[in-house]
Structure formats: structure tokens, C-alpha cells
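Structural description and commentary
So the chains spell out like this:
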Amino acid sequence: MTIYQFPKDFCWGTATAAYQIEGAYAEDGRGLSIWDTFSHTPGKVKNGDNGDVACDSYHRYKEDIAFMKELGITTYRFSVSWSRIFPNGRGVVNQAGLDFYHRFVDELLSNGIEPFCTLYHWDLPQALQDEGGWDNRNTATAFKLYAETMFKSFSGKINKWITLNEPWCSSFLSNYLGVHAPGYQDLKLAVDVAHHLLLAHGEAVRSYRELGFNGEIGIAPNITWAYPYTKSKEDQEVCFRAIEWTWDWFLDPIFFGKYPDGLLKTFEKAGAKPDVLPGDMDIIRQSIDFIGGNYYSASVRRHAPGHGIFEEEDMNMGYERTDIDWPMDAVGLYDSLRYTHDKYGDIPIYITENGACINDDPINGKVHDTRRINYLRQHIIAMHRAIADGVPVKGYMEWSLLDNFEWAEGYGMRFGLIHVDFRTQKRTPKESYYWYQKIAKNNFLVID
Ligand SMILES: CCOCCOc1ccc(-c2cn(C[C@@H]3NC[C@@H](O)[C@H]3O)nn2)cc1
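Under an unreviewed UniProt entry, the name given to the protein chain is Beta-glucosidase, and the source organism is Paenibacillus antarcticus. The UniProt entry for the protein chain carries the following comment under Sequence similarities (unreviewed entry): "Belongs to the glycosyl hydrolase 1 family." Per its UniProt entry, the protein chain bears the Catalytic activity (unreviewed entry) comment "Hydrolysis of terminal, non-reducing beta-D-glucosyl residues with release of beta-D-glucose."

What follows deals with helix H9 (residues 187-210). When the terminal C-alpha atoms of H9 are compared, their 35 Å separation across 24 residues agrees well with the 34 Å that a helix rising 1.5 Å per residue should span. Two to three positions downstream of the cap, the backbone nitrogen of Lys188 sits 3.0 Å from a side-chain oxygen, assigning the N-cap of H9 to Asp186. Gly212 lies just past H9 and shows a positive phi near 80°.

It is worth spelling out the UniProt feature "binding site: substrate" (unreviewed entry) in the protein chain at this point. Taking the numbering used here, the UniProt-annotated feature "binding site: substrate" (unreviewed entry) corresponds to Gln20, His121, Asn165, Tyr296, Trp399, Glu406 and Trp407. Following the sequence through the fold, Asn165 ends up in strand S5 (residues 160-165). With residues near it in sequence (within four places) discarded, Asn165 still touches Arg77, Thr118, Tyr120, His121, Trp122, Ser170, Ala220, Asn294 and Glu353. Its location among the elements puts Glu406 in the loop between strand S11 (393-399) and strand S12 (418-421). Since its relative accessible area comes to 12%, Glu406 is described here as buried. Residues within four places of Glu406 in sequence aside, it is in contact with Gln20, Ile324, Trp399, Met413 and Phe415.

For helix H7 (residues 138-153), which comprises 16 residues, the first-to-last C-alpha distance of 23 Å matches the rise-based estimate of 22 Å (1.5 Å per residue) to within 8%. Along H7, the positions that sit buried rather than exposed are Thr139, Ala140, Ala142, Phe143, Tyr146, Ala147, Glu148, Thr149, Met150 and Phe151.

Where burial is concerned, most of strand S3 (residues 75-79) is hidden: five out of the five residues are buried. The alternating pattern of S3 places Thr75, Arg77 and Ser79 and Tyr76 and Phe78 on opposite faces, both of which are buried. Note that strand S2 (residues 11-15) and S3 share three bridges and pair parallel. The partner of Ala15 across the bridge, within S3, is Arg77. Bridging between S3 and strand S4 (residues 114-120) involves five bridges; their strand directions are parallel. Each bridged residue has a counterpart across the sheet, and for Arg77 the counterpart in S4 is Phe116.

Reading the values: rules and limits
Residues numbered from 1 in each chain as written. Predicted model: local features only at pLDDT ≥ 70, side-chain atom pairs only at ≥ 80, totals over all residues. Heavy atoms only, no water. UniProt positions renumbered as here; feature names shortened; annotations may be inferred. Helix = DSSP H or I, 4+ residues; strand = E, 2+ residues; numbered from the N terminus. Expected span 1.5 Å × (residues − 1). Polar contact = N/O pair within 3.5 Å; in protein donor to acceptor, adjacent residues only side chain to side chain. Contact = heavy atoms within 4.5 Å. Buried < 20%, exposed > 50% of the residue type's maximum accessible area, 1.4 Å probe, protein only. Pairing = 2+ DSSP bridges.

Here is the structure:
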């Protein structure tokens with residue numbers, strides 16, 4: 001028998017996001033977001049799914065928090081819908097929106113669960129998109145106002161803040177690959193969107209400090225580790241670019257005040273050099289308290305001359321895959337954590353998302369999601385190995401508490417520890433819920 005004991009005060013949690021679970025898209029003064037627009041645009045989301053109702057967590061949050069309490073987690077990562085607070089992105093605050101999140105956070109706190117709040121999880125107010133969205137530098141100023149409003153209103157209740165979730169998704173996946181909202185396919189646009197997202201991050205962190213708050217604030221990029229198909233320099237280079245694209249592109253400006261040289265050259269060669277104004281990097285490089293890391297999978301890549309701007313291709317090595325077709329590779333999590341610690345130093349790290357898309361449905365009222373349990377066990381052991389090697393990982397938030405709206409994949413891709421029947425909103429804890437409950441309550445994992 002092997003016991004993987006985690007450090008005292010290690011935070012065990014789960015994660016969700018507003019547009020993916022709340023529903024109530026037009027309730028209590030909420031304004032439209034780009035994801036309302038995108039999901040209602042034919043052909044953008046599988047099965048024509050949208051977040052109008054989602055998990056109806058806007059109304060069912062007490063039931064969800066009761067499941068969290070039973071699960072034994074001490075931290076819950078959620079996001080705030082910006083357009084509930086500022087229906088038009090800026091201007092007059094919607095008090096009903098603030099009031100909802102106060103009811104929600106008070107319920108968390110009264111159940112002994114720490115709120116871990118993400119300010120931006122992709123749902124930009126449509127009114128700001130109508131003015132150019134993140135391509136417009138003024139959106140960073142609107143974000144600063146939104147962040148300051150949240151900091152002041154929740155002072156003393158929320159002490160852990162994430163400015164941006166997966167900025168690669170809300171810049172490149174959304175404005176270069178066209179897969180997410182608003183759905184453009186323009187590399188130069190995406191590079192400038194990424195820069196303005198970083199500006200918004202820096203403005204929010206600077207405000208947090210200047211307003212005298214003493215909680216923790218950080219950012220949560222996603223990292224997809226990459227292994228070279230051969231030991232050739234070219235194959236290794238394409239892997240460095242792939243890792244840099246979602247991870248270093250956002251962390252280097254914060255830690256070093258500059259973009260990573262390798263990828264910057266790739267973008268310049270493609271005519272997509274970011275428009276950096278004097279002073280921008282000084283705003284971006286505010287000191288943060290933690291790095292949030294979202295890890296799901298790893299890839300094996302090789303150099304492929306002429307194949308896209310990165311001249312690379314993804315190799316299928318026959319690894320077991322989840323139902324969203326991502327290879328399962330827990331060693332990639334270990335390597336990602338060691339890489340981050342080696343490059344950015346002793347800054348605390350939270351795994352702010354890790355989970356598996358396994359689309360099992362209930363059979364006689366039970367969901368036998370053993371593949372999700374296998375995935376989580378492998379990744380939690382990999383995380384334990386990194387901690388044992390000195391990486392300061394402070395918490396783990398499993399994605400996700402509930403099956404929910406998985407963006408362009410709609411409701412067909414299920415990441416939850418709890419199964420949701422979207423016709424009836426019936427919640428059914430899966431076997432993985434009870435497996436994870438033991439770890440959250442014991443702070444150790446036992447392998448017989
Ligand atoms: C044309 C090529 O198209 C490739 C698709 O490319 C991607 C990449 C990455 C993702 C992705 C999805 N998730 C899970 C979410 N993280 C945040 C939370 O909201 C979860 O729902 N992480 N990464 C999706 C699509």
C-alpha cells in the first residue's frame with residue numbers, strides 16, 4: 001500500500017465558470033456577453049447548444065454548495081459574469097448582479113468553503129465587443145473598473161482572485177483559430193488581443209495593490225506540455241514553441257517584462273508583431289502572488305516544414321484518450337510543474353483546473369466513471385511527485401464540480417464529478433465524486 005500524503009493546509013477544491021453553469025442569461029439585469037451571441041449563432045456550438053439555462057446554478061447554487069460541503073472541499077473556484085455587474089461593460093453598476101454574488105459567496109463562507117474568484121472567464125460583455133472588444137485598448141480600462149468594483153464590494157469575503165482564465169483561449173483560440181467567441185481568424189488581431197488582456201491583468205493587479213488589499217491575486221493560463229517525436233533540434237524547437245504559446249507568452253511579460261524571443265520571432269515572421277506601447281510592460285509586470293495552472297493533456301510533436309506558421313504536426317502515439325479526444329498524460333503535468341518552477345522560481349502554484357471528459361451516463365442511478373478516477377489518480381500522483389521535488393503547489397481544483405456547457409462542444413462533453421441531466425437538472429454524484437471525497441477529506445491518496 002502506498003500513501004501519498006499532501007502538505008498541511010493543501011487546498012482541495014473544484015472549479016466552474018459563470019457562463020458554463022449559471023444560466024439565467026437575462027435575469028436580474030444581466031447584459032449579453034459574447035458567448036450569448038456566439039452560442040446563438042448557427043453552426044458555432046455543437047447541437048446548437050447555448051448557456052441560456054446551463055446547470056441553472058443561478059437558482060440552484062444552494063444545492064450545488066451542499067454537494068461541495070458533502071464532497072469535503074475547502075476551496076471553490078468560480079467565475080463572475082462581468083455583464084451581471086456591468087450589463088454594458090462599464091458605467092452604472094447593476095446592484096442585483098452584485099447582490100447575487102454576495103448571496104452566493106455568503107453561502108460558501110457559511111459552509112466553510114473559501115471562494116476563489118476568477119474575474120474573466122471569457123464572457124466579455126457584448127457592448128464592449130461592439131466597441132472592438134479586446135482589440136480595443138480601452139477594454140483593459142473597463143476591466144480595471146470592473147475588477148476594482150469587485151475588490152471593493154467583496155473586501156473581507158474574497159481573498160483569492162484570478163484576473164484571467166486561460167488567456168490563450170480568449171485570444172488565440174478565439175481570434176486566430178476561430179473556435180471560441182467572438183470567432184475571428186486573424187493572427188495579428190489575436191496577438192494584440194493577448195497583449196490587451198495582459199494589460200487588463202496588470203491594471204487589475206496594480207489596482208489591487210494600490211487599494212491596499214492584502215489577499216492573493218494571480219493569473220491562470222493553460223499549459224499543454226509537448227514532447228519531441230525525435231531528439232532532433234527541429235522537433236525540440238516546435239515543442240518549445242507549443243509550450244510557449246499558451247504558457248510563457250503570458251507569464252514571461254509578467255515575470256520578465258518581455259515576450260519570449262522564440263515565439264515573438266515566429267509571430268513577427270507571420271506579420272503579427274504585437275503593438276506594445278511605451279509603459280505597457282511596466283503595467284503588465286506587476287508582481288503576482290501565485291500562478292494558476294490549467295493542465296489537461298500533453299502532445300508529441302515533430303517539425304513539419306511548411307505546415308502552418310509553426311511548421312509542426314501532432315503525432316498520435318496511441319495513448320489512452322478521454323472522450324474529447326485529448327491524450328491522457330500525467331507525466332506532462334509533472335514536467336509542466338518542474339518547468340514552471342525552474343523558470344519562474346518559488347512562486348506558489350495552484351492547479352486551477354485538471355480533469356477528464358468522460359461521457360458516462362447513469363446506469364440504475366449510478367455513474368461508473370472509472371476512467372475519470374484513473375485519470376485523476378495519475379495526475380494527483382504526478383502533482384505529489386512534483387511537490388516532493390520541491391515545487392510549491394498549494395492547491396488542486398478539479399475541473400469540474402458539474403457537467404456543464406463545454407463551450408463549442410456544448411453539453412455533450414462531460415467533465416463533472418456530478419452528472420447533470422440537462423432536461424430535468426437532476427444532479428447525480430458519480431463514483432469519481434466519492435473517490436475524490438476521500439482525498440479531499442483525508443488530504444492523502446492511498447493506492448492499495
Ligand atoms: C482548430 C483547432 O482547434 C483546437 C481546439 O482547441 C482547443 C484547445 C483547448 C481547449 C480547452 C478546453 N478546456 C477546458 C476548459 N478550460 C476552462 C474551462 O472553461 C473548461 O471548460 N481547456 N482547453 C478547447 C479547444
